[in-house]
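# Notes for the structure review
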Amino acid sequence: AQRVTQPEKLLSVFKGAPVELKCNYSYSGSPELFWYVQYSRQRLQLLLRHISRESIKGFTADLNKGETSFHLKKPFAQEEDSAMYYCALSGGLTGGGNKLTFGTGTQLKVEL
Amino acid sequence: SQTIHQWPATLVQPVGSPLSLECTVEGTSNPNLYWYRQAAGRGLQLLFYSVGIGQISSEVPQNLSASRPQDRQFILSSKKLLLSDSGFYLCAWTYRDRVTGELFFGEGSRLTVL
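Calculation rules
Residue positions are given per chain, counted from 1 along the sequence in the order it is written. Chain A is the first chain written and ligand 1 is the first ligand written, with later ones labelled in order. With pLDDT at 70 or above as the cut-off, local features in this predicted model cover only qualifying residues; side-chain atom pairs require 80 or more to be listed or tallied, and sums for whole chains, interfaces and linings still use all residues. With hydrogens and water excluded, all non-hydrogen atoms of the structure serve as input to the side-chain values. Strands are runs of DSSP state E lasting at least two residues, helices are runs of H or I lasting at least four, and both sets are numbered from the N terminus onward. Put simply, a disulfide is two cysteine sulfurs that come within 2.5 Å. DSSP bridges decide pairing: two strands pair if at least two such bridges lie between them. To get an axis, fit a line to the C-alpha atoms, keeping to the stretch in contact for a helix; angles then go from 0 to 180 degrees between the N-to-C directions. The rule is simple: take the accessible area with a 1.4 Å probe, protein chains only, and divide by the maximum for that residue type; under 20% is buried, over 50% is exposed, in between is partly exposed. A contact between two residues is defined here by any heavy atoms of the two lying within 4.5 Å. Within this document, salt bridges are pairs made up of a side-chain nitrogen of Lys or Arg and a carboxyl oxygen of Asp or Glu, the two lying within 4 Å of each other.

### So, unusual backbone geometry
Cis geometry is found at the peptide bond from W7 of chain B to P8 of chain B, where omega equals 0°. Even without glycine at this site, T68 of chain A takes up a positive phi of about 45°. Of note, T68 of chain A is situated in the loop between β7 (60–61) and β8 (72–74).

### Let's talk about the state of the cysteines
Residues and elements named next belong to chain A. Overall, the coordinates contain 2 disulfides over all chains when judged by the stated rule. Here C23 pairs with C87 through a disulfide, and the sulfurs are 2.0 Å apart. Looking along the S-S bond of the C23-C87 disulfide, the torsion reads about -65°, which is the left-handed sense. Of this pair, C23 sits in the loop between β3 (19–21) and β4 (24–26) while C87 sits in strand β9 (residues 83–90), and the two are 64 residues apart along the sequence.

### Section: the sheet that holds strand β8 (residues 73–78) of chain B
Residue and element names in this part refer to chain B. Strand order in this open sheet of 4 strands is β1-β3-β8-β7, and the pairing throughout is antiparallel. Edge strands, defined here as strands with exactly one partner in the open sheet, are β1 (3–7) and β7 (65–70). The average angle at which neighbouring strand axes cross in this sheet is 20°, direction not considered. Relative to strand β3 (residues 19–26), β1 runs antiparallel, the two sharing 5 bridges.

### Examining the environment of R72 of chain B
All names here are of chain B. Assignment of secondary structure puts R72 in the loop between β7 and β8. Judged by relative accessible area, R72 falls into the partly exposed class, the value being 38%. Taking the C-alpha atoms as reference, R72 lies 23 Å from L11; in sequence the two are 61 residues apart. When near neighbours in sequence (up to four residues on either side) are disregarded, R72 contacts C23, T24, V25, E26, G27, T28, P31 and L33.

### Examining the pattern of salt bridges
Applying the stated criterion across every chain yields a total of 6 salt bridges over all chains. E102 of chain B is paired through a salt bridge with R49 of chain A; the nearest N and O atoms lie 3.3 Å apart. Note that E102 of chain B is positioned in the loop between β9 (87–94) and β10 (104–105) and R49 of chain A in strand β6 (residues 45–49), a pairing that runs across two chains. One salt bridge connects D71 of chain B with R68 of chain B, and the closest N-O pair in it is separated by 3.2 Å. Comparing D71 of chain B with R68 of chain B shows no difference in burial state: the two are buried. Here the residues in one salt-bridge network are E20, K22 and K73 of chain A, joined through shared partners.

Geometric descriptors of this kind do not, in isolation, establish any biological role.
Quick look at the structure:
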């Protein structure tokens with residue numbers, strides 16, 4: 001079974017401070033990991049995926065298979081980063097195809 | 001471009017009443033379709049997914065059912081709602097033959113069962 005754990009329900013940081021949203025996963029195969037974001041009054045949307053090794057809006061995430069983690073990081077938080085962040089895992093095109101298992105989410109609040 | 005529509009946006013229903021939430025996708029063919037429920041403190045729970053017309057897979061036993069009468073239409077139903085069915089329901093789609101992992105979500109339907 002696949003499982004995603006986000007230990008923090010709420011993370012509050014000051015503007016300009018570093019941000020790290022934690023995500024740990026459990027999966028027996030080779031996982032694909034993602035971060036989704038939901039800004040206030042907007043749809044849930046993809047932020048980044050580990051396979052792309054990209055930086056989106058200053059955020060990066062590195063897949064650590066040894067620690068089974070995929071933490072989301074940003075060196076300097078901005079007010080517009082305030083949102084709900086979900087970590088998600090996919091086992092790929094197996095059976096139902098691209099099924100994503102989501103964590104419980106972390107609400108990031110950036111204070112001035 | 002592809003779009004996904006979900007309705008109604010808000011619904012208040014009494015216990016024991018039926019439910020029908022509808023979702024349609026435009027601008028693409030043969031999508032995989034999904035119904036998720038978003039509950040406070042519980043994240044997003046996958047309820048149903050479909051890889052084709054009439055093909056429905058249920059992830060958790062519950063009081064709900066899903067149907068896919070057309071390629072780009074996905075319906076979430078219940079014959080008799082329970083209080084525990086209250087929540088925020090999200091429909092989503094993805095490309096069937098691409099391993100992108102990117103789900104495209106609708107705006108959601110907030111259901112309150114009284």
